[in-house]
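Topology and contacts: notes
Listed here are the chains, written in short residue letters.
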Amino acid sequence: MTDRPTPPNPEDTPPESQRGGADPMEWLASLARRRSQTPAEPSAEEQSAESASPETVPLRQTSIFGRAPRGIPSPPSPPSSASSAATYRFGSPASLGARPPMGASSPASETPENTPPRPFGLFGGLFGQRPAPRPNTDSQNVQDQDAAAEMLAHLTQTLQNYEQHSPAIVRHALSGLGKVGRADEHLGLVAHFLDSAWEQSVRLAAVSALGNLGGETAIDTLIGLLNDADIVIRWEAQEALDKLLTAPEDQVEPPVRKAEAPPAAPHPEGDARADATSF
Amino acid sequence: MRERIFSLETEYGVSFLSEKGTSDPTKETLVSALRHALTEAIGLNESMYIANGAKFYHDVGHAEWAHPECRSAREIALYDKAADALMALLLPSAQESLRVDGFRGRFLIVKNNVDVHGNTYGCHENYMAERETAWLDHEDYLRLSIRYLVPFLATRLILCAPGRVGLGRRGEQGFAFQLGQRADFMNAVVSRDTRDMRGLFNLGRENEPFSEGGYRRLHLILGDACMSGYGTFLKVGTFGLLLRLLEDLEIGAIPHLKDPVRAMHAVSRDPSCTALLPLYDGRQMTAIDVQRLYLEQVLRYAERYPTSEEERELIGLWSETLDALQNAPSRLFGKIDWITKKSVLDRLLTSNGLSWDTPDLDKHPIRYKLQELDIQYHNVDPTQSLFYKLLRSQQGADALDTLWDVESVRIAQAAPPPYTRARVRGEVIASARRTSGRVEVKNWNEVRVGGQRVELHDPFAFFSPDTYALLNDGKLSS
């Protein structure tokens, strides 16, 4: 068994009408034209995120076609497919529960002054005095946002230190980050793994994660991937775009439905004509 | 399959040397005292699972430690060492709780595989393995596995055995040194059973967790527990390499042992590693020769397939070990348990003008000292253990192993392996301790957090969106 996924069978490919029209670039262009006519005001959250994070590109200023989306840093020289399999290390001491330097992911309540020393993250204080139980509105619940932040940081740290890990670990981290990450914070990290030097399975996971993270920068990146040399990546990018653009029906008109022909009026001769032309 | 899950189930012997006039605690009481100490340190009440993802429980008179799912042989060797260190760390508190309950004496925990009454307890190995290959169905693939792996298993004692004084289950067959502790208890080539019929290759419990999808759990019961992490790494890692070869159908030209069980017994009783093992085709080979044939196959495989840094390290160690066994076994002192133990026992005999060939050695008073050292070698308490005393004389005062530094072992005592589902299990346990929330670890592949069920089917999945959502806002992800 190899790590590389099997390319989709052309016979399994849905008809063009179910994939968003005969030419995906065409409907995306029409979508872009429509958007440029009715720009939405950025929400307060988006505005604050833009001002807080210098790495984040103002969402409304990106061009859809013609260049790499802004706000996504260049990939940090990803390894070649051959070397990626040969250089990772499992269970390296450095990777065992080390607390990552992820200031952005730390809970807002933690400051250097009040953060208790935790030599290896969530598990660091286990041999010490057990801390007093925190107030919890539901005694059945284990709500621990510090721990959740730690889990998220574990994912980002894994991706930042990708050279220590196997492609399978990187794939799983990308998948997890796609599900729980934030577009304005993690898009750049995910985008590193789109580079063509990465093996296909890693790129696929990154494309899928982009689709889950969403946001206009992700859309721009995915559109760029529709021209990728790898057909499997092109296919996955289109799937992600379909999902991204059709899910919130109140925001974007589903391109799939737009491309579909309107239901035909009943033929005056009833079903007889259909019977006559079917074999 | 490029990556696989490795795990071990290590059973520890527990005993209590009571002071005169005081009662003896039962084995169950001893294990309960350890469990209590462990729960206080890194566990949860009423749960056998602990924050490093492992499971600790009482099993038929022994303390059993089922290690968390690990992603590599090196990692499982580390967690095995961490379990030993944790036992030693918690020994004083367990002893204190026994004293409070009225038991006075000394609590001993030994990591060996046989007691003086002739009972054996195992160090079972678990490997995630493919159920079938592209060309072979499950049954045919099993036949192929047995054919090609049994000669390796029968001879691998030379790489990783712990050494034992006494021949036969109760020592009734003679007073001599042998490599393996469980070798005399192996009586079948293949078995499903783990108690009466003990096979070199076990077919039982293949559907237990981490056998998701197209994978099975390959459960080996013939192994001995190693004090040395080097031995554990070689034991688990070399077998993992051979599974790769099998899964890629790249194994061949392996000799067929005429009687694998007898061959294993012969290897165990031959510290010179020169015993000739009869083959089906009439030839004879030593255990080192058989191992070299496997190593050659692995080297050829590694030229054609990508290998990890760890696998390349493992191949190098395997090769060095075979060379040393043939030319200078003393180079393996501190690394291979049976060589380390034997060198100390040999010195004791020599200093008394004796040898293993001395007639009636079993009637000589020195036999008690030899038997005592044999057990003391496996004591998990570094202040009492012969293994740790020897290691520290060689490596420094704080050394715990030749492979791992003290800090790595310390981290692994409380933190789970970072890249398997054990990480998720450990996270909810550590979190529940901090928040006093309710967590149940129902099984290896299921946790309940605040009454909500989270399934952890994929043993490689080190992140669970549902668990994250529960911890973050108390609700399952949609």
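Residues numbered from 1 in each chain as written. Chains lettered and ligands numbered in written order. Predicted model: local features only at pLDDT ≥ 70, side-chain atom pairs only at ≥ 80, totals over all residues.

Another point: the overall build of chain B. The secondary structure content of chain B amounts to 14 helices and 15 strands. In terms of overall size, chain B behaves like a compact globule, its C-alpha atoms giving a radius of gyration of 22 Å where 478 residues would be expected to give roughly 23 Å. Counting only C-alpha atoms, chain B reaches 70 × 65 × 40 Å along its principal axes. Taken over 478 residues, chain B has a buried fraction of 50%. (Helix = DSSP H or I, 4+ residues; strand = E, 2+ residues; numbered from the N terminus. Rg over C-alpha atoms; globule rule 2.2 N^0.38 Å. Buried ≥ 20, exposed ≤ 12 C-beta atoms within 10 Å, placed from the backbone.)

Moving on, we come to the overall build of chain A. Regarding its fold elements, chain A presents 11 helices and zero strands. Reading the secondary structure of chain A in the N-to-C direction produces α-α-α-α-α-α-α-α-α-α-α. A buried classification covers 35% of the 279 residues belonging to chain A. Long-range contacts, defined as pairs at least 24 residues apart, comprise 66% of the intrachain contacts of chain A with a sequence gap of at least 6. (Contact = placed C-beta atoms within 7 Å.)

This part covers the pairing of strand E6 (residues 164-167) of chain B. Residue and element names in this part refer to chain B. Looking at chain direction, E6 and strand E7 (residues 174-178) are connected through three bridges and run antiparallel. Looking across to E7, one finds that leucine 167 is bridged to glycine 174. In sequence, E6 turns back onto E7 through a hairpin of six residues, with glycine 168 there showing a positive phi of about 90 degrees. (Pairing = 2+ DSSP bridges.)

Our next topic: the domain arrangement of chain B. Domain boundaries assigned for chain B yield domain 1 (129-201 + 227-356) and domain 2 (418-473). The C-alpha centroid of domain 2 of chain B is placed 38 Å from the C-alpha centroid of domain 1 of chain B. (Domains from an automatic or database assignment.)

Tracing the backbone through its elements, the reader meets Asp220(A) in helix H8 (residues 216-225). Taking the C-alpha atoms as reference points, Asp220(A) and Leu122(A), 98 residues apart in sequence, are found 37 Å from one another.

With that out of the way, let us pick up the nonpolar core. For soluble globular proteins, the rule of thumb is that nonpolar side chains tend to be buried together. Core analysis: the biggest nonpolar cluster contains 169 residues, and Leu174(A), Val190(A), Ala206(A), Val207(A) and Leu222(A) have the highest contact counts within it. At 13 residues, the largest contribution of residues to this core is made by helix H2 (residues 73-100) of chain B. Taken domain by domain, the makeup of this core includes at least three residues from each of domain 1 (129-201 + 227-356) and domain 2 (418-473) of chain B. Excluding residues within four positions of it along the chain, Leu222(A) makes contact with Val207(A), Leu210(A), Gly211(A), Ala237(A), Ala240(A) and Leu241(A). Residues Val165(B), Leu345(B), Leu349(B) and Leu370(B) belong to the second largest nonpolar core, which totals five residues. (Core = buried A, V, L, I, M, F, W, Y, C linked by C-beta atoms within 7 Å.)

Topologically, Gln160(A) is positioned in helix H4 (residues 145-160). Between the C-alpha atoms of Gln160(A) and Leu189(A), which are 29 residues apart in sequence, the distance is 7.6 Å.

Residue and element names in this part refer to chain B. A sheet is described by the order of its strands in space; here three strands give the open sequence E13-E14-E15, paired in antiparallel fashion. Both edges of this open sheet fall to strand E13 (439-443) and strand E15 (452-455), since each of them pairs with a single strand only. Along the sheet, successive strands turn relative to each other by an average axial angle of 20 degrees, direction set aside. The pairing of E13 with strand E14 (residues 446-449) spans four bridges and is classified as antiparallel. Among the inter-strand pairings, asparagine 443 is bridged to a residue of E14, identified as glutamate 446. The sheet strands contacting helix H13 (residues 422-435) are E13 and E14, and the helix crosses E13 at an angle near 150 degrees. (Axes fitted to C-alpha atoms, helices over the stretch in contact; angles between N-to-C directions.)

The next subject is the packing of helix H1 (residues 27-42) of chain B against H2(B). Residues and elements named next belong to chain B. Remark: H1 packs on H2, axes separated minimally by 8 Å, with the N-to-C direction vectors making an angle of 125 degrees. When the axis of H1 is compared with that of H2, the two are oblique. Remark: the crossing between H1 and H2 carries right-handed chirality. Two secondary-structure elements touch here, H1 through Ala33, Leu34, His36, Ala37, Leu38 and Ala41 and H2 through Leu90, Ser93, Ala94, Ser97 and Leu98. (Parallel < 35°, antiparallel > 145°, perpendicular 65-115°, else oblique. Left-handed = near helix turned anticlockwise from the far one by under 90°.)

All right, on to the confidence of the model for chain A then. Residues and elements named next belong to chain A. Considering every residue of chain A, the mean pLDDT works out to 62; 40% of them sit at 70 or more. Taken element by element, chain A is modelled with least confidence in helix H11 (residues 272-277), mean pLDDT 38, and with most confidence in helix H7 (residues 200-213), mean pLDDT 96. Segment residues 31-76: pLDDT under 50, and 48 contacts once partners within four positions in sequence are set aside and those in other chains are kept. Confidence drops under a pLDDT of 50 for residues 252-262, and excluding neighbours within four residues, the segment shows 20 contacts in the predicted structure. (pLDDT = per-residue confidence, 0-100.)

Put simply, chain B has an average pLDDT of 92, and 99% of its residues get 70 or more. Here the complex is predicted with pTM 0.81, and the ipTM for its interfaces comes to 0.88.

For the rest of this paragraph, the subject is H2(B). All names here are of chain B. With 28 residues, H2 should cover 40 Å at 1.5 Å per step; its first-to-last C-alpha distance of 40 Å lies within 8% of that length. The largest bend in H2 amounts to roughly 40 degrees and is located at leucine 91, with the proline proline 92 lying one to four residues further along. Glycine 102, located one to two residues past H2, shows a positive phi value of around 100 degrees. (Expected span 1.5 Å × (residues − 1). Bend = angle between axes of the 7 residues up to and from the residue.)

Residue and element names in this part refer to chain B. Where H2 contacts helix H12 (residues 406-414), the two axes come as close as 8 Å, and the packing angle between them is 80 degrees. By the angle between their axes, H2 is roughly perpendicular relative to H12. Contact residues: H2 offers Leu78, Tyr79, Lys81, Ala82, Ala85 and Leu86, while H12 offers Ser408, Val409, Ala412 and Gln413. The residue inventory of the contact of H2 with H12, partitioned by class, reads seven nonpolar, two polar and one charged. (Nonpolar A, V, L, I, M, F, W, Y, C, P; charged D, E, K, R; others polar.)

A word on unusual backbone geometry. All names here are of chain B. One non-glycine residue, cysteine 273, adopts positive backbone phi at about 60 degrees. Here cysteine 273 shows up in the loop between helix H6 (260-268) and strand E11 (277-278). In this structure, aspartate 360 is a non-glycine residue whose phi angle is positive, near 55 degrees. Looking at the element boundaries, aspartate 360 is found in the loop between helix H9 (337-351) and helix H10 (366-376). Here aspartate 360 falls in the exposed class, since 8 other C-beta atoms lie within 10 Å of it.

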